[in-house]
Amino acid sequence: MNYSIKNQAYTFIFIAAMLWFGLYQTLEPLSHFLVSALPLEPGGHAYDALQFFLYDTPKVLLLLTGVVMVMGMVNSYFTAERTRALLAGRHEGVGNIMAALLGIVTPFCSCSAVPLFIGFVQAGVPLGVTFSFLISAPMVNEIALTLLFALFGWKIAALYLVLGLTIAIVSGYIIGRLKMEAHLEDWVRNMAHVQATVGADELTLPDRIQAGFASVREIVGKVWPYVLAGIAIGAGIHGYVPVNYMAGLMGKEAWWSVPVSVLIGVPLYSNAAGIIPIVEALLAKGASLGTVLAFMMSVIALSLPEMVILRKVLKPRLIATFIGIVSVGIMLVGYVFNAVV
């Protein structure tokens, strides 16, 4: 690559990062300024709800844009073809660990579940290893980890990372041990296997920057309505739900709150960017961390639309097994968080 073009690319990255950081620093004082200019009583329900909305909306969207841009560049090294090639022929155990780790940095959404699953099966990736990837990619992704780190600190983000990966690895391993290949749809089992190969990587730094912009257009363009809806719900909880009200419903003492939160979360559909503002508001009102994160994990990892999409390639018994094993893992995570945090 031309040396001058490479320097220009690095200069662009530096300037963009400085502008992003400067804009991020202005968000909180700007939200207070805007709300104080309105005829609302400081400290009132409407004041607190609006301030939460005006602060969290640009904050989450700015964080989302930044992390999607960076990970779009990183993901240019981890295409679906490269991921399949890395996992093809891996045995269970090591393969489950690799698949879960690759899920963190590999672009994935519910709409790509079927083609991704078919590609893995064709490449000879074991069923349990495939499920470790399908669990990890939407649940323990870079967006969830970055937003958790920005809103709650590195300890919570690290705990979520470790426990989320554990769910993906263990659940995939158990599914693999159950030998449920017979519960794939017949047309999937009868597909001819293909050799997973990776072509030469000829992308330059400007190409990767363009890949980052493409990811921002695609991902942020799709999820921003969920972000606004999540923040609006969070703002309502923040402004109008009394302090500590949620402790009785979602607190540590309510042992039943973890399984109930999972049951409520499964039929819902959102993503990490849309659900985390709700998590933030629930925690501020007294909900326990384990219960709230169990709710978040169930929404992201076991969404009803994804199950409907996977029904094209999985028979009902395998889908039920998948939901059951992951649900138990999520509930265990909820109880562990409630016990240690």
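Whatever comes next refers back to the structure up there.
This text gives an overview of the structure that appears in the document. (Residues numbered from 1 in each chain as written. Predicted model: local features only at pLDDT ≥ 70, side-chain atom pairs only at ≥ 80, totals over all residues. Heavy atoms only, no water.)

1. As for the nonpolar core
Now for step 1: Phe117, Met139, Tyr160, Met296, Leu314 and Phe322 are the most contacted members of the largest nonpolar core, which has 89 residues in total.
Now for step 2: Element by element, the count of residues in this core is highest for helix α2 (residues 45-75), at 11 residues.
Now for step 3: A domain split of this core shows at least three residues from each of domain 1 (2-75 + 204-238) and domain 2 (80-202 + 242-340).
Now for step 4: In this structure, Leu87, Ala99, Phe120 and Val125 belong to the second largest nonpolar core, which totals 10 residues. (Core = buried A, V, L, I, M, F, W, Y, C linked by side-chain atoms within 4.5 Å. Buried < 20%, exposed > 50% of the residue type's maximum accessible area, 1.4 Å probe, protein only. Helix = DSSP H or I, 4+ residues; strand = E, 2+ residues; numbered from the N terminus. Domains from an automatic or database assignment.)

2. Digging into the pattern of salt bridges
Now for step 1: All chains considered together, the criterion is met by four salt bridges.
Now for step 2: Two residues, aspartate 56 and lysine 59, come together in a salt bridge whose shortest N-O distance is 3.5 Å. Here aspartate 56 pairs with lysine 59, and both are found in helix α2, just three residues apart, close to one helical turn. Here aspartate 56 matches lysine 59 in class, with each residue buried.
Now for step 3: The structure contains a network of salt bridges with shared partners spanning Asp56, Lys59 and Glu280. (Salt bridge = Lys/Arg side-chain N within 4 Å of Asp/Glu carboxyl O.)

3. Observations concerning the packing of helix α8 (residues 154-177) against helix α16 (residues 316-340)
Now for step 1: Orientation of α8 relative to α16, taken along the N-to-C sense of each, is 150°, at an axis distance of 10 Å. With respect to their mutual orientation, α8 and α16 come out roughly antiparallel. The two elements α8 and α16 cross, and the hand of that crossing is right-handed. Between α8 and α16, the contacting residues are Leu159, Tyr160, Leu163, Ile167, Ser171, Ile174 and Ile175 on the first element and Leu318, Phe322, Ile325, Val326, Gly329, Ile330, Val333, Val336 and Phe337 on the second.
Now for step 2: Class assignment for the residues of the contact of α8 with α16 results in 14 nonpolar, two polar and no charged. (Axes fitted to C-alpha atoms, helices over the stretch in contact; angles between N-to-C directions. Parallel < 35°, antiparallel > 145°, perpendicular 65-115°, else oblique. Left-handed = near helix turned anticlockwise from the far one by under 90°. Contact = heavy atoms within 4.5 Å. Nonpolar A, V, L, I, M, F, W, Y, C, P; charged D, E, K, R; others polar.)

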